[in-house]
Amino acid sequence: MADHLEDVHWSGLFHAEGRASDTPRRLSALLADDAAAFVDGYTHLWSTTLRREGKAWPATAPTALLVAELLDDPRLGADDPSTPDAMLAYLYAVGVAADLGERAPRIRARTEGRAAELRAWTDAYLAADADARARMWRDGTGRGELVLDRAALACFDLVPMLLPRMLPHLASERVHRRTCAAAAVGSLAAHPAVAAQRPSLRARLTSMARSAASSYEVATLLIAIGRLGGDTRPWLTDPHPGVRVCAALAPGLGGDERAERLRRELADAPGEFGASFGDMAPPLQFQSKPYQDLLSPAAGR
């Protein structure tokens, strides 16, 4: 994977703030002892290299490669062991951006043979000032949206390389690290190229859920299991309301009366669901669709 990073032309990519040539330097600060530089790198990662609502910038896929490399560096988290957890959470978000489903072949077909045209649009965008950039998104050509579609496709194509890097973290002694790894695995393993691995991944995550002591860990695992087509029905009667709801959200439980009732309860009182986890936020998967839709008061009616 490091070989792929050597091929990245960062100055020809952009993120929320413009040219992405600053990204490798700022993220390298996550391994350093400089507290201010660490905060800058961490903020840059989350606020600049990802678009809102779990979507990608052109810099997102190579940033994910860089984050995967950071995860294997023993210096990461030397002073704060939660830092690798955040990197796993970031790769979960990349998996959300990469979840194109049936759109992937259509995007590939629409962008095929247009690399030079989209490169020219990107070069013009990088050379423009803020006002001109804003106008370019509304220029009527659709090239900007195609550039962003290609960014999502780059994340999609990266998934088979990222998923194996997540698996060792499922065995971490740290509960939160395991939960973040499970979320990332559930997100990334939705990719069609890794379909053959899903049965073994479902079995592993289900075994982890059965032995987990933390309700937060169980809930996170259940969302990942459901995303991979696993059976979460045994947890529909769990004593913890958050666990019950996360079990009910498995896509394969459509039509199950208990699951439908729990989904309606979530739609009616999403605040109570969040409060059920105490000081911890609900599982991080709730930042993405389809789960955001289920938090709407109008959902399930």
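Just so you know, these numbers come straight off a predicted model, no measurement behind them. Residues take numbers from 1 onward in each chain, read along the sequence in its written order. pLDDT decides what is reported in this predicted model: residues at 70 or higher carry local features, side-chain atom pairs at 80 or more are listed and counted, and totals for whole chains, interfaces and linings draw on all residues regardless. Excluding hydrogens and water, the side-chain values take into account all heavy atoms of the structure.

### Comments concerning the pattern of salt bridges
In step 1: Just to be clear on terms, a salt bridge is a Lys or Arg side-chain nitrogen sitting within 4 Å of an Asp or Glu carboxyl oxygen. Per the counting criterion, the structure on display carries 19 salt bridges.
In step 2: Linking Arg 114 and Glu 117 is a salt bridge whose minimum nitrogen-to-oxygen distance equals 2.8 Å.
In step 3: Only protein chains enter the accessibility calculation, which uses a 1.4 Å probe; a residue whose area is less than 20% of its type maximum is buried, one above 50% is exposed, and one in between is partly exposed. Judged by relative accessible area, which is 26%, Arg 114 ranks as partly exposed.
In step 4: A relative accessible area of 27% places Glu 117 in the partly exposed class.
In step 5: Within the structure, one salt-bridge network assembled from shared partners comprises Glu 17, Asp 22, Arg 26 and Asp 40.

### Describing helix 6 (residues 103-111)
Structural remark: α-helix, 3.6 residues per turn; residues separated by three or four positions point the same way.
In step 1: Helix and strand assignments follow DSSP, with helices taken as H or I runs no shorter than four residues and strands as E runs no shorter than two, numbered in order from the N terminus. All of the buried residues in helix 6 are Ala 104, Ile 107 and Thr 111. Across the axial projection of helix 6, the buried residues extend over an arc of 65 degrees, all falling on one side. Turned more than 90 degrees off the buried face of helix 6, the exposed positions are Pro 105 and Ala 109.
In step 2: Pairs of residues are marked as contacts when any of their non-hydrogen atoms sit within 4.5 Å. Looking at the buried side of helix 6, the elements it contacts are helix 7 (115-127) and helix 9 (143-166). This arc corresponds to the set of directions leading from the helix axis out to the C-beta atoms.

### Quick word on the packing of aromatic side chains
Two aromatic rings are characterised by how far apart their centres lie and by the angle between their planes.
In step 1: Pairing of aromatic rings covers Phe, Tyr and Trp, the last counted by its six-membered ring, and requires centre-to-centre distances within 6.5 Å; plane angles under 30 degrees mean stacked, over 60 mean edge-to-face, and any other angle means tilted. Throughout the structure, instances matching the rule amount to 8 aromatic pairs.
In step 2: Seen from their ring centres, Phe 38 and Tyr 42 are 6.3 Å apart, and the 20 degrees between their planes marks the pair as stacked. One end of the pair, Phe 38, and the other, Tyr 42, are both in helix 3 (residues 35-48), 4 residues apart, so they sit about a helical turn from each other.
In step 3: Ring geometry for Trp 46 against Tyr 90: centres 5.5 Å apart, planes inclined by 80 degrees, an arrangement best described as edge-to-face. On the criterion of sequence distance, the pair formed by Trp 46 in helix 3 and Tyr 90 in helix 5 (residues 83-98) is long-range, its members being 44 residues apart.
In step 4: Residue classification places Trp 46 among the partly exposed positions, given a relative accessible area of 28%.
In step 5: Ring pairing ties together the aromatic residues Phe 14, Trp 57, Trp 121, Tyr 125 and Trp 137, which thus form one cluster.
In step 6: The criterion for a charge sitting over a ring is simple: Lys NZ or Arg CZ within 6 Å of the ring centre, and within 35 degrees of the ring normal. If you follow Arg 51 out to its NZ or CZ, it ends over the ring of Trp 57, 5.8 Å from the centre.
In step 7: The cationic tip of Arg 133 hangs over the ring face of Tyr 125; the distance from NZ or CZ to the ring centre is 5.1 Å.

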